[in-house]
Amino acid sequence: MDFFHSQETLTTFEWILRAVVAYFFLILVAKVMGQRSIAQLRLIDFAIALIIGNIIAHPLSDEHLGLKGSITTTVVLVVLYIGSVYTILKFPRIRNLITPPPITLVRDGEIIYKGLYKARISIDILLEELREEKVEDIKKVALALWEADGKVSVFLDPKYNPITPATYKMETEPFDLPKTIIKEGTIYSNVLKQVNKDEVWVVEKLENLYHTNIKNVLLATIDQKDNLKVFLYK
């Protein structure tokens, strides 16, 4: 167990042992800390990012440390990471240990306290997450789930869902993503060619509609119907 302690030098095998121990220890620590501490990061991703960041940082700041150990350790960690991902995909039981199933926080407008306790979050955090989803009343929530990546999935009761054209089976126009033709005072000639326009057309539009020039435009977009939207520096 000498690889646990400070040494003048470590063999390649001792570096590998350190990497393996650190990898599984950090996963255990992250698991104990709970999902909130690694919001939007999967457990293994969090562990590997934290360890590798520290491993690479030390040799770059300490002249007494060589790169051999860091490179060896990093290679081992990458292999462990790839192996862990493969294992999670291959074996559902292990997947459930590393990536737990969603935790129910709200069901049919009622807060599930056991779910809050299991996810290790408070009422204040739950309310914050609901506000971010533009939900002001818990009673409107049919189901709220605490996901493995730290996000809350919120499903409203159908009677509170907004009315959409699909509700009345109305036909709608295809989705159209406007193209950026000017950004931060720079005109994109290649995009103009795609929409069959030229710089002269843009200059005339800016002068007639906004009484300005290209250099004063923060962002300008155009859609398939030639609708031009311009945002000026303010």
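Fair warning: this is a prediction, and the values are worked out from it, not measured in the lab.

**What about the overall build of the protein chain?**
1) Next: Within the protein chain one finds 8 helices and 8 strands.
2) Next: Within the protein chain, buried positions represent 31% of all 234 residues.
3) Next: Contacts spanning at least 24 positions in sequence make up 48% of the contacts within the protein chain whose residues lie at least 6 apart.
4) Next: With the model as given, the accessible surface of the protein chain reaches about 16,400 Å², and the carbon-plus-sulfur share is 59%.

**Quick notes on a nonpolar patch on the surface**
1) Next: Taken together, the side chains of Ile111, Ile123 and Leu127 define a hydrophobic patch exposed on the protein surface, amounting to about 200 Å² of accessible area.
2) Next: The residue Leu127 is located in helix H6 (residues 123-132) in this model.

**Observations regarding the sheet that holds strand E8 (residues 228-232)**
1) Next: Read across the open sheet, the 4 strands follow the order E6-E5-E7-E8; overall the sheet is antiparallel. The sheet is open, and its two borders are formed by strand E6 (186-187) and E8, each paired with just one other strand.

**Notes on the packing of aromatic side chains**
1) Next: Summed over all chains, the structure comprises 0 aromatic pairs.
2) Next: If you follow Lys197 out to its NZ or CZ, it ends over the ring of Trp201, 4.7 Å from the centre.

Definitions and cut-offs
- Within any chain, residue numbers begin from 1 and follow the written order of that chain's sequence.
- The predicted nature of this model means local features are confined to residues of pLDDT at least 70 and side-chain atom pairs, given and counted, to a pLDDT of 80 or more, with totals for whole chains, interfaces and linings taken over all residues.
- Where side-chain values are given, they derive from all heavy atoms of the structure, hydrogens and water being excluded.
- Helix and strand definitions here come from DSSP, where helices need a minimum of 4 consecutive H or I residues and strands a minimum of 2 consecutive E residues; each element is numbered from the N-terminal end.
- Buried residues are those whose accessible area, probed at 1.4 Å on protein chains only, stays under 20% of the maximum for their type, while exposed residues exceed 50% and partly exposed ones sit between those limits.
- Contact definition: two residues touch when any of their heavy atoms are within 4.5 Å.
- The protein chains shown are the only cover counted for residues, whose accessible areas, like all others here, come from Shrake-Rupley with a 1.4 Å probe.
- Patch definition: residues above 30% relative accessible area lacking any salt bridge, with like charges linked at up to 9 Å and the nonpolar side chains Val, Leu, Ile, Met, Phe, Trp and Tyr linked at up to 5 Å.
- One side-chain nitrogen of Lys or Arg within 4 Å of one carboxyl oxygen of Asp or Glu is enough to make a salt bridge.
- Note: two strands are recorded as paired if DSSP finds a minimum of 2 bridges between them.
- In summary, the pairing rule links any two rings of Phe, Tyr or Trp, Trp by its six-membered ring, whose centres are within 6.5 Å, and it sorts them by plane angle into stacked for under 30 degrees, edge-to-face for over 60 and tilted for everything else.
- Two limits define a charge over a ring: the Lys NZ or Arg CZ must be within 6 Å of the ring centre, and within 35 degrees of the ring normal.

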